[in-house]
Every structure is written in C-alpha cells, then in structure tokens.
Amino acid sequence: MARFSIIIPLLGSSLQFEETLASVLLYRPEQSQVIVVHQGVYQDPYDLAKEVDFVQLGNEVSAQPNLIEMFNEGVRNARGKWIGFVRPGVRLSENWDDSIEHAFEDPEIATVSPVLVRGDRPETIVSIGVSKGYGYTRKQIAGGRRVGEANRWQTNLVGPTNWAAFYRRSVLNALGDCDPQLDSVYFDLDLGLSIESIKLDVALAADCKMFLDDFESFENESARCHGCSAQRGFNRFEVDEVQASSLAARSFRWSLLAGVASLLWRPAGLLHALGRLKAGRFSQTDRVHRELLVILGKQKERIIAPGLHRHVLVNQKSQIRSDKRAA
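Quantities reported herein were computed from a predicted structural model and do not represent experimental measurements.

### With respect to the packing of aromatic side chains
Okay, step 1: This structure, assessed with the given rule, holds 15 aromatic pairs.
Okay, step 2: Both rings, one in F71 and one in F85, keep their centres 5.1 Å apart while their planes meet at 85°; by these two values the pair is edge-to-face. Residue F71 is located in helix α2 (residues 67-76), and its partner F85 is located in strand β4 (residues 82-86); the two are separated by 14 residues in the primary sequence. Across the pair, F85 and F71 agree in class, each one buried.
Okay, step 3: Each residue in the set F4, W82, W96, F104 and F166 is aromatic and connected to the rest through ring pairs, giving one cluster.

Dropping the structure here:
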C-alpha cells in the first residue's frame, strides 16, 4: 500500500496545473501515488504516464467540470493510506509530509489541514481550514493572519479547505462518495461535518505550509452562494428532526431578512437566502446520509482499523445512491 495518494483535478489554467503537478512530483514522499483527474482533454505532453495515474472522468466533456465528481473519482482510484487533494494554483514545499504523517499517527485523526498561505506573501495565511457559521454556512478560518498565529485560530476548525486537504482513506471509503449535488464550494465543510458526526477528529498541521498562487480564484469561490447546501446541513447533521426543522426555519427567515437588508450593497446575500428554498428536494437523500452517520459513529473502531474496505455498509450506501438518482 502507498503511503499517500495525491489527487490533482485538472482545472483552471494549464500553467497553474503544471506548476502544481511539478511541485507534487518534486516533493512527493516515497511510496506515493499521484493521480490526475481529467475529462479526456489532457494529452500528457511531458510523457508522465509512468509517474502519474491519469484518470478520465466520464466519457463526455462538460463546459464546467464538477469538482466533487473529480474528488470522488480520485478517491475511487486511490491506493494510499492517506489521501491528499491539491488543486491547481497550490504549490507544495519540501518535507510537507512530515507533519501531515505525524498528525495521522493518532488513529482518531481522520483529516489533517495544512496552512494555506499566499504565494506572494508567504507569511500571510489564506486559510487554515473551514468552519460552520450560522445556519450551516461555510467560513474560512484565519485569512489575513500571520503564519505564527495559526494555532490560535484552530478552535472552530471543522476540516481543511478543498484547495489543500488530507484524509484517512478508510474514513472516506466508509463515508462513500460525496454528494455531487452539493454546491462545489461546500463539499469540504460537508466532509468535515460528516467526520465530526462519526466522532473522529481534525488536526491542524501548523508546520506544513502550502502556497496559493491563485488568490483571486480562491476569494471569488469563497464568496460564492451556497444557500441550498447550507440549508441541507440541518437534515444531514441534526439528529433531532423536530429541532432540525425548527432551526432550519429560523435560519431561512434570518437569511432572507439579512439578504433583503443587504440587497443594495450585497445582492449575493439574497441569492444565498433564496437558494435555501431548493433544499427540500434533497430531504430524503440527506436523511439517509444522517442515518448512515449514526451507524458509522457506532462503528468508529472498524473505520479506523486497518483492513476496512468499501463493503462496509454497502446496503446503506446503495440506498443513498438510489435516493440521489431519484432526487
């Protein structure tokens, strides 16, 4: 078994992708697998097929690749004990794996977040990960702070940002595919909340810096509306259905009022609130996900033990896939 499987989705500019891939290949640890997920358009101009596993996503090229589907396809092809997801625009540095691997020595740690810093200002944090805001909104943590302050801001850390993230493969296998119908910006928080729900932990690798060169894309994505996914969070992660319904209703009213109040200077706020109206169509899928998490929480020792395979809870996962198709 490989130690790390590092997944790179082929997104953005070719220059950013090539710089990210080059840094991964240059600084990859021994016994590591590198996976590039693409849509059949990459021609491998540098003849890297012996070093990189090129995985094609589907048989058709779409105008807008789905980031979640690319993550899922990469995980399906991963052989490593730990899985990294690194997006184009991010560069790795030498010995990045030391603190990541050290954090995973604790079997209760299911995911590890590096410190993402600006490529042009490496002492400035872009994010140490994501947290849950009011109404299950997604928040980046410690943006603009100094690198030396990283540990002070990890209290609310739920999981790593999807620009640079590491997961224990056995945990991802137990959870199954991330729901591709979530807003693509949201799946990192959804994964973090799922891991938290099964009583496993996240760690911050404060000594592991990764460099983000595409800061503009990061900022634009962080501001993207994700009201539907946030509203779905109540059904996915609140065990008490009555309380979840009440909280969801209050959250929608508050979000709508805030969106209307800020309409003149932040029209996206209203779009975010209106997006919450669409969450109901996924209620059955989200309820099944919540039930799966309850079961996995009771089987935590099996999840973190060596040798756990994808056959765990096959019936539950099959039901989730059926519900997603029906939705």
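### Overview of the nonpolar core
Okay, step 1: Ranked by internal contacts, the top residues of the largest apolar core, which has 43 residues, are F71, V171, Y186, F187, L191 and L200.
Okay, step 2: Once you skip the residues sitting within four places of it in the chain, L191 turns out to touch F71, Y167, L172, L175 and C178.
Okay, step 3: Counting residues in hydrophobic clusters, the runner-up holds 34 residues, among them V34, V86, I100 and A164.

### A word on the packing of helix α7 (residues 227-237) against helix α10 (residues 283-298)
Okay, step 1: At a closest axis distance of 7 Å, the pairing of α7 and α10 adopts a crossing angle of 45°. In this view, α7 runs oblique relative to α10, as classed from their interaxial angle. Note on packing geometry: the crossing formed by α7 with α10 is right-handed. Across the interface between the two elements, R232, N235, R236 and F237 from α7 touch S283, T285, D286, R287, H289, R290 and L293 from α10.
Okay, step 2: Of the residues that constitute the contact of α7 with α10, the class distribution is 2 nonpolar, 4 polar and 5 charged.

### A closer look at the pattern of salt bridges
Okay, step 1: Under the criterion given, the structure shown has 17 salt bridges.
Okay, step 2: With its nearest N and O atoms 2.7 Å apart, the salt bridge here joins D177 to R76. With D177 in the loop between α4 (169-175) and α5 (187-197) and R76 in helix α2, the pair connects residues that are 101 residues apart, well separated along the chain.
Okay, step 3: Of the residues examined, D177 reaches a relative accessible area of 28% and is grouped as partly exposed.
Okay, step 4: Taking relative accessible area as the criterion, R76 reaches 42% and is therefore assigned partly exposed.
Okay, step 5: Here R138 ties to D188 by a salt bridge, and the two come within 2.8 Å at their closest N and O atoms. Residue R138 is found in strand β9 (residues 138-140), and its partner D188 is found in helix α5; the two are separated by 50 residues along the sequence.
Okay, step 6: You can call R138 buried: its relative accessible area is 6%.
Okay, step 7: Relative accessible area serves as the criterion here: at 0%, D188 is assigned to the buried category.
Okay, step 8: Residues participating in the shared-partner salt-bridge network are D179, D190, R232, R236 and D286.

Cut-off values and rules
Residues numbered from 1 in each chain as written. Predicted model: local features only at pLDDT ≥ 70, side-chain atom pairs only at ≥ 80, totals over all residues. Heavy atoms only, no water. Phe/Tyr/Trp six-rings, centres within 6.5 Å; stacked < 30°, edge-to-face > 60°. Helix = DSSP H or I, 4+ residues; strand = E, 2+ residues; numbered from the N terminus. Buried < 20%, exposed > 50% of the residue type's maximum accessible area, 1.4 Å probe, protein only. Core = buried A, V, L, I, M, F, W, Y, C linked by side-chain atoms within 4.5 Å. Contact = heavy atoms within 4.5 Å. Axes fitted to C-alpha atoms, helices over the stretch in contact; angles between N-to-C directions. Parallel < 35°, antiparallel > 145°, perpendicular 65-115°, else oblique. Left-handed = near helix turned anticlockwise from the far one by under 90°. Nonpolar A, V, L, I, M, F, W, Y, C, P; charged D, E, K, R; others polar. Salt bridge = Lys/Arg side-chain N within 4 Å of Asp/Glu carboxyl O.

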